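A structural walkthrough
Listed below, chain by chain, are the residues.
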Amino acid sequence: MTRTELDAAGITDRSLRQSYEHCRALNARHGKTFFLATRLLAPDQRPGVHALYGFARRADDIVDDLDARLGTSDRAARLDSLAGQLKTRDVGGDPVLAAVLHTADRYRIPDHLFDAFLTSMRMDLSVTTYPDRGALDRYVYGSAEVIGLQLLPILGTTVPGPEAEPYAAALGKAFQLTNFLRDVDEDLARDRVYLPADELAVHGVDRELLVWCRRYGKGEPRVRRALADQHEIARRIYDFARGGIERLAPRSRPCVATALLLYSEILDRIEDSDFEVFGHRATVGTRRRVRVGAEGLVRAWWARSGRRADSLSPRRSARRHGNTLREGYGSLPT
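What comes next is a walk through the structure. Position labels on residues start from 1 in each chain and follow its written sequence. Thresholds applied to this predicted model are a pLDDT of at least 70 for local features of residues and 80 or more for the giving and counting of side-chain atom pairs; totals over whole chains, interfaces and linings are not thresholded and use all residues. With hydrogens and water set aside, each side-chain value is computed from the structure's full complement of heavy atoms.

Right, let's talk about the nonpolar core for a bit. Looking at soluble globular proteins, one finds that nonpolar side chains tend to be buried together. For this analysis, a nonpolar core means a set of buried residues of the types Ala, Val, Leu, Ile, Met, Phe, Trp, Tyr and Cys, connected via side-chain atoms within 4.5 Å. Three labels apply to residues, based on accessible area from a 1.4 Å probe with only protein chains included: buried if under 20% of the type maximum, exposed if over 50%, partly exposed otherwise in between. In this structure, F55 and L118 are the most contacted members of the largest nonpolar core, which totals 97 residues. The element that contributes the greatest number of residues to this core is helix α8 (residues 133-155), accounting for 11 residues. The split of the chain into domains comes from an automatic or database domain assignment. Residue-level mapping places this core at the junction of two domains, with at least three residues from each of domain 1 (1-126) and domain 2 (128-301). Only heavy atoms matter for contacts: two residues are in contact if any of them lie within 4.5 Å across the pair. In contact with F55, not counting residues within four places along its chain, are L82, L86, V96, L97, V100, F114, F117 and L118. Think of it this way: any DSSP run of H or I at least four residues long counts as a helix, any run of E at least two long counts as a strand, and we number them from the N terminus.

So this is what it looks like as structure tokens:
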């Protein structure tokens, strides 16, 4: 399948093909639901998406340094080195950089989007609290909105790019805010709170109360009310972002619509748990992901063939193509 994608994308250089294959492997191993969504894109689109994921993963691994072998200054130096390699186009034998630079050149993805991403990654090395929405939005722009903007040239649009950009940025933001709500417990373990302190304070919530909830693995009424407000903000952003799907190239719509649906359903699971985000992680079940993915796969195939999939029965689509999704993604967690 990888060779088919690379051939479709016209990538013939052997070394470059290996770089893209490396990024694809990273996405398959760590991308989970994101990797599932890429399967709904046309083969020629997938290598570029894998490359962008590989780069984001590389930076994220530096910041979080799961093995805790590097100090803050060492991690900052590594991010600076990565930024320098991007600026000078110095691959230095790094397969991820080779693929992402090729993708950036091919789709004319502006350098400032990568700069903004790395700026937010540097913030994670020192910033642990965001006093207000403006401060958090500055972080989210670089950590999430630019991802949507980077992907937009690969997805293609039916309108001028600038017209579609606000929707692409909003979808990246919605995904990130969903992560913030789902991962309150996990982020506290890293001494980070990605929720505006002033908005939490309206409900009498501060870091100490969140730490108490984490310690005892359970929520508290004030925290639930605060999270419900954050949940509503994320919902509104999804509603806006949904309007951008019709502005995408038809062949890309099933992928983005599927990703939006599955990720927004994480908010449903959080709400269903009465905003109990401590001690467990809200997920969308495998059967649900397989069904939604199968329906999206059918629509993607039909869109690429120039046909309409509107009349297809979702139940019939899932039954016909569910085995394909189960074989590839049935074991993936969210």
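What follows continues from the structure just given.
This part takes up the side chain of T258. One can find T258 in helix α14 (residues 253-272). N or O atoms within 3.5 Å of each other form a polar contact, as long as, within protein, one can give a hydrogen and the other can take it, and as long as residues adjacent in sequence are counted only when both atoms are side-chain atoms. Of note is the side chain of T258, whose polar atom sits 2.7 Å from the backbone oxygen of P254. If we ignore the near neighbours within four places in the chain, the residues touching T258 are L40, V292, G293 and G296.

Further remarks concern the environment of I11. Mapped onto the elements of the fold, I11 is located in the loop between α1 (2-8) and α2 (14-30). Distance in space between the C-alpha atoms of I11 and D44 is 9.4 Å, their sequence separation being 33 residues. The contact partners of I11, leaving out residues within four places of it in the chain, are L6, L16, R17, Y20, P47, H102 and R106.

For this analysis, a ring pair means two rings from Phe, Tyr or Trp (six-membered ring only for Trp) whose centres lie within 6.5 Å, classed as stacked if their planes differ by under 30 degrees, edge-to-face if by over 60, and tilted for the remaining angles. All told, the structure shown has 11 aromatic pairs when counted by the stated rule. Between the aromatic rings of F175 and Y263, the centroid separation amounts to 4.7 Å while the plane-to-plane angle is 40°, which identifies the pairing as tilted. Taken together, the positions of F175 in helix α9 (residues 161-182) and Y263 in helix α14 put the pair 88 residues apart, joining distant regions of the chain. Judged by its relative accessible area of 19%, F175 falls in the buried class.

Attention shifts here to the packing of α9 against helix α13 (residues 221-242). The convention used is that axes are lines fitted to C-alpha atoms, helices contributing only their stretch in contact, and that angles between N-to-C directions extend from 0 to 180 degrees. Two numbers describe how α9 lies on α13: the axes approach to 8 Å, and their chain directions differ by 155°. Between α9 and α13, the crossing angle belongs to the class labelled roughly antiparallel. Crossing handedness for the pair α9 and α13: left-handed. Taken together, the residues of α13 that come into contact with α9 (itself represented by P166, Y167, A170, L171, K173, A174, F175, L177, T178 and L181) are L227, Q230, H231, I233, A234, I237, Y238, F240 and A241. By the convention adopted, Pro, Cys, Tyr, Trp, Phe, Met, Ile, Leu, Val and Ala count as nonpolar, Lys, Arg, Asp and Glu as charged, and the other residues, Gly among them, as polar. When the residues that make up the contact of α9 with α13 are grouped by side-chain class, the tally is 15 nonpolar, three polar and one charged. Comment on the angle field: the value is read as roughly parallel under 35 degrees, roughly antiparallel over 145, roughly perpendicular from 65 to 115, and oblique elsewhere. Take the far helix as your reference; a near helix turned counterclockwise from it by less than a right angle gives a left-handed crossing, and one turned clockwise gives a right-handed crossing.

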